[in-house]
Amino acid sequence: MAASTIAARVARHTRNRGVLPVLTDCLAWGARWAVGRPLAGRPATATFAHDGSVHSYLRHPYNWTWLNERAVEVPLAAAVLAGAGGQRVLEVGNVLAHYQHVAHTVVDKYEQAPGVLNEDVAELTLTGPYDLILAVSTLEHVGLDEDVRDPDKPARAIARLTALLAPGGRLWCTFPVGYNPDLDRQLRSGELGFTRLSALRRTGPANRWEQVPLESVWDVDYDWLLYTAHAVVVAELTR
């Protein structure tokens with residue numbers, strides 16, 4: 001992210017919240033970054049649980065995962081992918097390739113990378129079918145972080161992905177709570193068609209997470225200063 005963008009964000013929050021709270025948050029973030037950076041890339045000993053399975057947190061230098069929700073999202077997605085074996089897999093958003101080798105199809109509207117198809121997820125020309133479709137904190141940007149804002153576009157994207165699933169196929173997504181309020185509302189109402197939702201919440205400044213009741217996370221704020229989530233919803237759909 002450009003330094004000018006970060007500076008503008010800090011200045012905006014300083015005007016809204018005051019100098020001391022913003023300075024305190026930035027210093028605490030910097031301290032956690034400094035402590036975690038030497039350990040980046042080394043296996044983590046700390047673990048978290050989701051749906052009865054235990055996973056190690058991810059400590060990786062790309063996007064400084066020891067500071068944010070990637071610490072839990074990527075291990076969960078990697079476990080889902082590993083369980084798919086040699087099935088036909090599509091990933092929406094070029095995420096996992098930054099952390100491990102991938103051999104599946106990846107589509108990302110904006111990111112330029114070898115093997116990545118640059119298409120709009122709501123208008124995919126792929127024909128499928130796919131046994132597994134993954135999206136790690138990607139669909140909340142659809143219709144929001146674009147030139148034309150369209151709060152209904154994520155629903156169209158999810159419908160398109162569902163149509164690409166083989167019978168019995170699975171759509172698996174993570175969403176940072178509070179990033180896209182319209183999408184949060186649609187998830188909460190059940191109108192997007194997901195058959196199961198679960199939630200994880202950050203429990204403290206050390207970036208520890210635990211699975212919590214879904215209803216306890218909908219009012220959790222997104223941290224727009226540090227650009228991190230304090231709660232994540234895992235959404236699953238089986239066709």
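Keep in mind the model is a prediction, meaning the values are calculated, not measured.

## A look at the overall build of the protein chain
In terms of helices and strands, the protein chain carries five helices and ten strands. Over its C-alpha trace the protein chain gives a radius of gyration of 18 Å, about what one expects of a compact globule, namely 18 Å for 239 residues. Burial analysis of the protein chain (239 residues in total) assigns 46% to the buried set. Considering only contacts in the protein chain between residues 6 or more positions apart, those separated by 24 or more positions represent 62%. Counting only carbon and sulfur atoms, one obtains 56% of the accessible surface of the protein chain, whose full area is about 11700 Å².

## Focus on the layout of surface pockets
Its volume calculated, the second largest pocket comes out at about 290 Å³. Considering the residues around the second largest pocket, the lining is formed by 17 residues, among which Gly36, Arg59, Trp66, Ala206 and Arg208 are closest to the centre. The greatest single-element share of the lining of the second largest pocket, amounting to three residues, is contributed by helix 2 (residues 19-36). Of the residues that constitute the lining of the second largest pocket, the class distribution is eleven nonpolar, three polar and three charged.

## Topic: the pairing of strand 8 (residues 196-202)
Here six bridges tie strand 8 to strand 10 (residues 231-238), and the two strands are oriented antiparallel to one another. Considered in strand 10, the bridge of Ser198 is made with Val234. In textbook terms, the turn of a hairpin is the stretch between consecutive antiparallel strands, and for strand 8 and strand 9 (residues 209-212) this stretch comprises six residues, one of which, Asn207, has a positive phi near 60°.

## Details of the nonpolar core
Counting residues in hydrophobic clusters, the biggest one holds 34 residues, and the most contacted among them are Leu90, Val92, Ile133, Leu139, Leu161, Leu171 and Phe194. Of all the secondary structure elements, the ones that give two or more residues to this core are strand 3 (89-92), strand 6 (130-136), helix 4 (153-163), strand 7 (165-176), helix 5 (181-189) and strand 10. If sequence neighbours within four positions are ignored, Leu171 has contacts with Ile133, Ile158, Leu161, Thr162, Leu165, Phe194, Ala235, Glu236 and Leu237. The next biggest cluster of nonpolar side chains, apart from the first, holds 29 residues, and it includes Tyr57, Leu132, Val136 and Tyr179.

## Some thoughts on the pairing of strand 7
Of all twelve residues making up strand 7, nine are buried, and the element is well covered by its neighbours. One ladder, built from six bridges, connects strand 6 with strand 7; its direction is parallel. Note on strand 7: the bridge partner recorded for Ala135 is Cys173. Taken together, the seven bridges between strand 7 and strand 10 define a ladder with antiparallel strand orientation.

## A closer look at helix 3 (residues 70-84)
Under the 1.5 Å per step criterion, the end-to-end length of helix 3 is 21 Å for 15 residues, consistent within 8% with the ideal 21 Å. Along helix 3, the residues classified as buried are Arg70, Ala71, Val72, Glu73, Val74, Pro75, Leu76, Ala77, Val80, Leu81 and Ala84. Directly after helix 3, the chain includes Gly85, whose backbone phi takes a positive value near 60°.

## Considering helix 5
Restricting attention to buried positions, one finds in helix 5 the residues Leu183, Asp184, Gln186 and Leu187. All buried residues of helix 5 project into a common sector of 165° when viewed along the axis, lining one side. In the stretch just after helix 5, Gly190 is the one whose phi turns positive, near 85°.

## Section: the packing of aromatic side chains
For the coordinates displayed, the defined rule picks out ten aromatic pairs. An angle of 70° between the planes, with centres 5.8 Å apart, marks the rings of Tyr62 and Tyr99 as edge-to-face. In this pair, Tyr62 is assigned in the loop between strand 2 (53-56) and helix 3 and Tyr99 in the loop between strand 3 and strand 4 (105-107), connecting sequence segments 37 residues apart. Aromatic ring contacts, followed pair by pair, group Tyr179, Tyr222, Trp224 and Tyr227 into a single cluster. Above the face of the Tyr57 ring, Arg208 is positioned so that its terminal group lies 5.0 Å from the ring centre.

## Quick notes on the side chain of Thr174
As for its placement among the helices and strands, Thr174 is situated in strand 7. At 2.8 Å, the side chain of Thr174 and the side chain of Glu73 are in polar contact.

## Concerning the sheet that holds strand 5 (residues 116-117)
The strand order across the open sheet built from eight strands is 5-4-3-6-7-10-8-9, with neighbouring strands paired in mixed fashion. For this open sheet the edge positions go to strand 5 and strand 9, each flanked by a neighbour on one side alone. Here three bridges tie strand 3 to strand 6, and the two strands are oriented parallel to one another. Within strand 6, the position partnered with Leu90 by the bridge is Ile133.

Cut-offs and rules
Residues numbered from 1 in each chain as written. Predicted model: local features only at pLDDT ≥ 70, side-chain atom pairs only at ≥ 80, totals over all residues. Heavy atoms only, no water. Helix = DSSP H or I, 4+ residues; strand = E, 2+ residues; numbered from the N terminus. Rg over C-alpha atoms; globule rule 2.2 N^0.38 Å. Buried < 20%, exposed > 50% of the residue type's maximum accessible area, 1.4 Å probe, protein only. Contact = heavy atoms within 4.5 Å. Areas by Shrake-Rupley, 256 points an atom, 1.4 Å probe, with all protein chains shown as cover. 1 Å grid on protein atoms, 1.4 Å probe; cavity = no way out; pocket = protein on both sides within 12 Å on 5 of 7 lines; lining within 4 Å. Points joined across faces, edges and corners; volume = space filled by probe spheres on them. Nonpolar A, V, L, I, M, F, W, Y, C, P; charged D, E, K, R; others polar. Pairing = 2+ DSSP bridges. Core = buried A, V, L, I, M, F, W, Y, C linked by side-chain atoms within 4.5 Å. Expected span 1.5 Å × (residues − 1). Arc of directions from axis to C-beta. Phe/Tyr/Trp six-rings, centres within 6.5 Å; stacked < 30°, edge-to-face > 60°. Lys NZ or Arg CZ within 6 Å of the ring centre and 35° of its normal. Polar contact = N/O pair within 3.5 Å; in protein donor to acceptor, adjacent residues only side chain to side chain.

In short, the description is geometric, and any link to function would need to be established separately.
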